[in-house]
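# Structural overview
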Amino acid sequence: MSFERQITRLEQIVAQLNDSKLDLAQALELFDEGVGLLRDAHEELAKAEGTLGRLIEKADGSFDVVKE
Amino acid sequence: VTRAWDPAADRAYDARGRRDETPDDREVVSIAELTAAAREIIEGAFPLMWVRGEVTDFKPHRSGHWYFCLRDTAAQVRAVVWARDRFRIPAAPDEGMQVLAYGRLTVYPARGEMQFTVYRIEAEGDGLWRKKLEISRKKLEADGLLDPDRKRKLPVFPRTVAVVTSPDGAALKDIIAVIQRRKAKVRLVVVPAKVQGEGAVKAVRTGIVRACQWGEADAIIVARGGGSREDLWTFNDEKLARTVAASPVPIISAVGHETDITLCDLAADVRAPTPSAAAEIVARSEEELVQLLADLRARMARTVSWRVESARNRHRAAGRSIQHAAAGFTQRAKHRVGALAGRLEALSPLSTLHRGYAVPRDLEGRTLREVAEFAPGLAFELLLRDGSVRATTQSVRPAGEDEQ
């Protein structure tokens, strides 16, 4: 799951946890899911890097990124 | 006519033939005299006249004077409307308006500038560019392309950002500088495009389309550094604005300076006042993202611990009512036990003893019920109503038999 989607799901979980209709067991299940997502998101972040490239369109219409 | 060589006269000229005067001989003119003279000449040479131009840099001064520039594609002249002349002019001209101005060319000595003193202004329709801009804008509006509802949210963490701009422009340099300063974890991919002059509209549109087709960009920045209105004109093109609006990838428009608003800005999902500002929008440092995650965790933990706490409280309350119920039960049980005890009392062998019977028990306290349990010489105990008697068996005679 992308960082973006992890964050979106986490936002959802926080919102659901605030919903009082949820029973404790469901809440704890969501919490577990959230903790897992947080861990994944941290891993995702660790992999990210800052780079600079240039987009090149090849003759066959496909694309390539060359490093600047 | 030839003249004999005069060494003294020769010394009076330098190598370039200029006469070597002593300071006393020089005729010095003050700047004020110079500008006054120039003013006289210019005012004398030009009659009152009409000029055609576009109003730019319009600045109304506190004193009531209006300062601006009159320009066409090739040249410009500073212009002023003095407060005392404003009554002849119905309204201040708009920036960019094409006008006919009636006045006199003069020199403004305090600045040493040529200045056109304007007495009357007549708008020549709207400025052509403004007119065109308005038409394009109305068309885009009619198609709903400028609706705020159409704006998409940018991703929280745009990992790959395509930058459609000139590869050698100031805009790209500014963007890279911000990304580096913020140590942002973003992959910038430049999509080179000509951003001004002929062919620029097509180049920028192609750049956007390519960035979308490439498919890896989370967001696109369309950037152009500051410039004249003509330079930025590319970004007021209706077709370009339509391409921006149609992009499946969210677009940040960053054209010119803060005060320049183009159709591209209006059609984009986000308008950044400058290319640097656009970079700030996509530049997320690791620290910021870690903070974001920490906030989410804290919010989650808060709601969950609140839930656990409230469950615990409910539990406690339930526990208290159980105790309460139990206490009542115990009380009732005691009463019942008391009542039962009364009834048991009635059935107790002790009450039988009260009636005059005795119970034989062996020395370990077991009740002896049958003669078979006795043997001559066996010691036993007789339990009576007020105590016990130690006894020894003399002889045993089962019922129906003679005594042995």
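Refer to the structure printed above.
Summary of the structure given here.

### Thoughts on the pattern of salt bridges
Residues and elements named next belong to chain B.
- Taken as a whole, this structure holds 21 salt bridges over all chains when the rule is applied.
- Residues Arg181 and Glu280 are paired through a salt bridge, measuring 2.7 Å at the closest nitrogen-oxygen approach. Placement of the pair is Arg181 in helix 4 (residues 170-181) and Glu280 in helix 9 (residues 275-282), with a sequence separation of 99 residues.
- Residue class for Arg181 comes out exposed when judged on its relative accessible area of 54%.
- Here Arg366 makes a salt bridge to Asp362, at a shortest N to O gap of 3.3 Å.
- Given a relative accessible area of 12%, Asp362 falls into the buried group.

### Quick notes on the side chain of Glu44(A)
- Structurally, the position occupied by Glu44(A) is in helix 2 (residues 24-47).
- For Glu44(A), a relative accessible area of 14% puts it in the buried group.
- Separated by 3.0 Å, the side chains of Glu44(A) and Arg159(B) make a polar contact.

### Comments concerning the sheet that holds strand 6 (residues 160-165) of chain B
- Spatial ordering of the open sheet is given by 2(A)-1(A)-7(B)-6(B)-8(B)-9(B)-10(B), a layout of seven strands whose pairing is mixed. Among the strands making up the open sheet, the edge pair consists of strand 2 (63-67) of chain A together with strand 10 (270-271) of chain B.
- One ladder, built from five bridges, connects strand 8 (residues 219-224) of chain B with strand 9 (residues 251-255) of chain B; its direction is parallel. If you follow Ala223(B) over to strand 9 of chain B, its bridge partner there is Ala254(B).

### With respect to the packing of helix 4 of chain B against helix 9 of chain B
Residues and elements named next belong to chain B.
- Between helix 4 and helix 9, the least distance of the axes is 8 Å, while the angle of their chain directions is 35 degrees. Remark: the crossing between helix 4 and helix 9 carries right-handed chirality. Of the residues in helix 9, those touching helix 4 at Ala171, Asp174, Ile175, Val178, Ile179 and Arg181 are Pro275, Ser276, Ala279, Glu280 and Val282.

### Quick look at the environment of Lys132(B)
All names here are of chain B.
- Here Lys132 lies in helix 3 (residues 128-142).
- Look at Lys132 and you get partly exposed, because its relative accessible area is 48%.
- For the pair Lys132 and Asn236, spaced 104 residues apart in sequence, the C-alpha to C-alpha distance is 9.2 Å.

### Side note on the interface of chain B and chain A
- Taken residue by residue, the interface counts 34 residues in chain B and 35 residues in chain A.
- Here chain B meets chain A over a buried area of about 3,200 Å², counting both sides, of which 70% is carbon and sulfur.
- Taken as a group, Leu293(B), Met300(B) and Arg307(B) account for 23% of the area that chain B buries against chain A, more than any other trio of residues on that side.
- Seen at the junction of chain B and chain A, the total is three salt bridges.
- The tally of links between chain B and chain A comes to ten residue pairs in polar contact (both at pLDDT 80 or more).
- Among the elements of the structure, strand 7 (187-192), helix 5 (200-214) and helix 10 (286-347) of chain B are those that each provide at least two residues to the side of chain B that touches chain A.
- If one sorts the elements of the side of chain B that touches chain A by residue count, helix 10 of chain B sits on top with 15 residues.

### Some details on the nonpolar core
Residue and element names in this part refer to chain B.
- Val164, Val204, Ile208, Ile220, Val222, Phe235 and Val244 are the most contacted members of the largest nonpolar core, which has 33 residues in total.
- Elements represented by at least two residues in this core include exactly helix 3, strand 6, strand 7, helix 5, strand 8, helix 7 (238-246), strand 9 and helix 8 (263-267).
- No other element matches the five residues that helix 5 contributes to this core.
- When near neighbours in sequence (up to four residues on either side) are disregarded, Phe235 contacts Val195, Val204, Val222, Arg224, Leu240, Val255, Thr262, Leu263 and Cys264.
- Val178, Ile179, Val186 and Ile221 belong to the second-largest nonpolar core, a separate cluster that totals 23 residues.

### So, the side chain of Asp269(B)
Residue and element names in this part refer to chain B.
- Tracing the backbone shows Asp269 in the loop between helix 8 and strand 10.
- A polar contact is formed between the side chain of Asp269 and the backbone nitrogen of Ile251, at a distance of 2.9 Å.
- The contacts of Asp269, once residues within four sequence positions are left out, are Arg150, Lys151, Arg152, Val249, Pro250 and Ile251.

### Remarks on the packing of aromatic side chains
Residue and element names in this part refer to chain B.
- All chains considered together, the criterion is met by six aromatic pairs over all chains.
- Ring geometry for Tyr67 versus Trp82: centroids 6.5 Å apart, planes at 85 degrees, classification edge-to-face. Note that Tyr67 is positioned in strand 2 (residues 66-71) and Trp82 in the loop between strand 3 (76-81) and strand 4 (98-108), a separation of 15 residues in sequence.
- Residue Trp82 is classed as buried on the basis of its relative accessible area of 18%.
- Summarising the aromatic geometry, the rings of Phe374 and Phe380 are spaced 5.0 Å apart at their centres and angled 85 degrees between planes, so their arrangement reads as edge-to-face. The same class applies to Phe374 and to Phe380, which are both buried.
- Ring pairing ties together the aromatic residues Phe58, Trp66 and Phe68, which thus form one cluster.
- Above the ring of Tyr102, the side-chain terminus of Arg120 is found at 6.0 Å from the ring centroid.

Reading the values: the criteria
Residues numbered from 1 in each chain as written. Chains lettered and ligands numbered in written order. Predicted model: local features only at pLDDT ≥ 70, side-chain atom pairs only at ≥ 80, totals over all residues. Heavy atoms only, no water. Salt bridge = Lys/Arg side-chain N within 4 Å of Asp/Glu carboxyl O. Helix = DSSP H or I, 4+ residues; strand = E, 2+ residues; numbered from the N terminus. Buried < 20%, exposed > 50% of the residue type's maximum accessible area, 1.4 Å probe, protein only. Polar contact = N/O pair within 3.5 Å; in protein donor to acceptor, adjacent residues only side chain to side chain. Pairing = 2+ DSSP bridges. Axes fitted to C-alpha atoms, helices over the stretch in contact; angles between N-to-C directions. Left-handed = near helix turned anticlockwise from the far one by under 90°. Contact = heavy atoms within 4.5 Å. Buried area = accessible area lost by both parts, 1.4 Å probe. Core = buried A, V, L, I, M, F, W, Y, C linked by side-chain atoms within 4.5 Å. Phe/Tyr/Trp six-rings, centres within 6.5 Å; stacked < 30°, edge-to-face > 60°. Lys NZ or Arg CZ within 6 Å of the ring centre and 35° of its normal.

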